[in-house]
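# A structural walkthrough
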Amino acid sequence: MIVVTCLAPVNIAVIKYWGKRDEQLILPLNDSVSVSLSTDQMHAKTTVMISPNFEKDRLWLNGKEESCTSPRVQACLKEIRRRASQTQKGKKNNQGIDLWKVHICSENNFPTAAGLASSAAGYACLVTAVAKAYKVEGDYTTIARLGSGSACRSVLGGFVRWHKGDQGDGSDSFASQILPASHWPTIRILILVVSDSRKKISSSYGMQRSVETSELLKHRATHIVPQRTEQIIKAIKNHDFETFAELTMKDSNQLHSVCLDTYPPAVYMNDVSHTIVEFVHSYNKIKGTTKLAYTFDAGPNACLFLQEEDVAEVVAAVKQVFPPTDENNYIRGINVPEKTLDKDLVLPSGPQEAGSLRYIIHTKIGEGPSEINNPEGHLLDQNGLPKPKTGWI
């Protein structure tokens, strides 16, 4: 048997992917740009075991066995095995491992299907671990894309661009790193968890409806995103936070405008989400400069970008507007020092009802997937069955 365990990051898109030109190959209408988050705070963890003794492929997700026959899982496995077969062909020690069945066990340490890019981290981790088990080398991003489009971005760390490509077979639709996490180490991210419940409208279904009905989506993909992508890449390279922040917020607003332009509309943000938007703009206005940026994926939870030096004050301001019900469990992730707000910093959007914001995860930019070599870290036992789950947030 061969066993591999990997961690993969969540990625947050600052220029959004929304809408496919090919549903089966998961080819996007436009390029997108994302930031991979540190796996120290949020990650998918996957253990893969392949063996000639396994009778069939099996998959466990967050402690529950799922069907391994889903088209997206099978697309990833088929492509990895095809490449494994090519790699092994002609080798003297060819074991025929491309024919071995696989057991996969995966866990997220953050809420699944709540608009926090769980499928991106999950498929990036699955593809990386399975590819390593089958001895496949090279670019994994095009394989991860077959599972979940945004997963191709989680295969890499730092700042990442997913190229939409133009070829019908998807051969030129891949992800590439713009710059590593070390390029801008002072950036911090606050995930404001409004809800950790499964969203009512899946991203895949919402995108499909938008492609079919939204004229704004077509205009965005053709006329807005190409220019905006180049502008934000330039801002990242120049450490230009104000431009980065403004473009991030505008693109988030446009994504959700497209969702409202969809018929019937796909609504992902809620009243608390809109209050967070108001909070960010109020904070920036009081400070006289853009120190804080929001972005929302297909869900109500906010991702705030800011500089390390501003974290303590921003967290104190968030607590002023969104008072916690459980002070001890409100801030998770990287430690945030206590700070007393200046008397002049009074935000008009608060205070909201206690508990309207569930908790905050403080994190930073991180690297791509990593392999865990300690056998104690494997999620599968020696028989290829799940160990007791380690739990998630």
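I will try to describe carefully the structure that is included in this document. Just so it is clear, the model here is predicted, and its values are computed rather than measured.

### Side note on the overall build of the protein chain
When helices and strands are tallied, the protein chain shows nine helices and 17 strands. Relative to its length of 393 residues, the protein chain is compact, with a C-alpha radius of gyration of 21 Å against a globular reference of 21 Å. Principal-axis analysis of the C-alpha atoms gives the protein chain an extent of 75 × 45 × 40 Å. Within the protein chain, the proportion of its 393 residues that are buried is 57%. Expressed as a percentage of contacts within the protein chain between residues at least 6 apart in sequence, the contacts between residues at least 24 apart total 77%. Carbon and sulfur atoms make up 48% of the accessible area of the protein chain, which totals about 17,100 Å².

### Looking at the packing of aromatic side chains
Scanning all chains against the criterion turns up nine aromatic pairs. Ring plane angle 85 degrees and centroid distance 6.5 Å describe the contact between Trp184 and Phe241, whose orientation is recorded as edge-to-face. One end of the pair, Trp184, is in the loop between β11 (175-179) and β12 (187-193); the other, Phe241, is in helix α7 (residues 241-261), with 57 residues separating them in the sequence. We classify Trp184 as buried; its relative accessible area is 3%. Both rings, one in Phe244 and one in Phe305, keep their centres 5.4 Å apart while their planes meet at 90 degrees; by these two values the pair is edge-to-face. In this pair, Phe244 sits in helix α7 while Phe305 sits in strand β14 (residues 302-307), placing the two residues 61 residues apart along the sequence. Per residue, the accessibility class of Phe244 equals that of Phe305, and both read buried.

### So, the state of the cysteines
A full pass over the atoms with the stated rule returns zero disulfides. Looking at the unpaired Cys6, the closest cysteine sulfur is the one in Cys125, lying at 5.7 Å.

### Digging into unusual backbone geometry
At the junction of Tyr263 and Pro264, the peptide bond is cis and its omega measures out at -10 degrees in the coordinates. As for its placement among the helices and strands, Pro264 is situated in the loop between α7 and α8 (271-287). A positive phi angle, close to 65 degrees, is found at Lys135, a residue other than glycine. Among the structural elements, Lys135 can be located in the loop between α2 (118-133) and α3 (141-147). Owing to a relative accessible area of 44%, Lys135 belongs among the partly exposed residues under this scheme. Backbone geometry places His239, a non-glycine residue, at a positive phi of 55 degrees. Here His239 lies in the loop between α6 (215-237) and α7. Under the relative-accessibility criterion, His239 is labelled partly exposed at 38%.

### Quick word on the packing of α6 against α7
In a pair of packed helices, the angle between the axes and the distance between the axes together describe the arrangement. Remark: α6 packs on α7, axes separated minimally by 10 Å, with the N-to-C direction vectors making an angle of 165 degrees. When the axes of α6 and α7 are compared, the pair comes out roughly antiparallel. Regarding α6 and α7, the two cross each other, and that crossing is left-handed. Here Glu215, Leu216, Leu217, Arg220, Ile224, Arg228, Gln231, Ile232, Ala235 and Ile236 of α6 come into contact with α7, specifically with Thr243, Phe244, Leu247, Thr248, Lys250, Asp251, Gln254, Ser257, Val258 and Asp261.

### Quick notes on the sheet that holds strand β15 (residues 331-333)
Taken together, the five strands give an open sheet; going across it, the order is β13-β14-β12-β16-β15, and neighbouring strands pair in mixed fashion. The two strands at the open ends of the sheet, each matched to only one other strand, are β13 (292-296) and β15. Each neighbouring strand pair of the sheet contributes to a mean axis angle of 25 degrees, computed without reference to strand direction. Looking at chain direction, β15 and strand β16 (residues 359-364) are connected through three bridges and run parallel. Note on β16: the bridge partner recorded for Gly333 is His362. Across the sheet, α7 lies against β12, β13 and β14, angled at about 25 degrees from β13, the strand it touches most.

Rules behind the numbers
- Residues numbered from 1 in each chain as written.
- Predicted model: local features only at pLDDT ≥ 70, side-chain atom pairs only at ≥ 80, totals over all residues.
- Heavy atoms only, no water.
- Helix = DSSP H or I, 4+ residues; strand = E, 2+ residues; numbered from the N terminus.
- Rg over C-alpha atoms; globule rule 2.2 N^0.38 Å.
- Buried < 20%, exposed > 50% of the residue type's maximum accessible area, 1.4 Å probe, protein only.
- Contact = heavy atoms within 4.5 Å.
- Areas by Shrake-Rupley, 256 points an atom, 1.4 Å probe, with all protein chains shown as cover.
- Phe/Tyr/Trp six-rings, centres within 6.5 Å; stacked < 30°, edge-to-face > 60°.
- Disulfide = S-S within 2.5 Å.
- Axes fitted to C-alpha atoms, helices over the stretch in contact; angles between N-to-C directions.
- Parallel < 35°, antiparallel > 145°, perpendicular 65-115°, else oblique.
- Left-handed = near helix turned anticlockwise from the far one by under 90°.
- Pairing = 2+ DSSP bridges.

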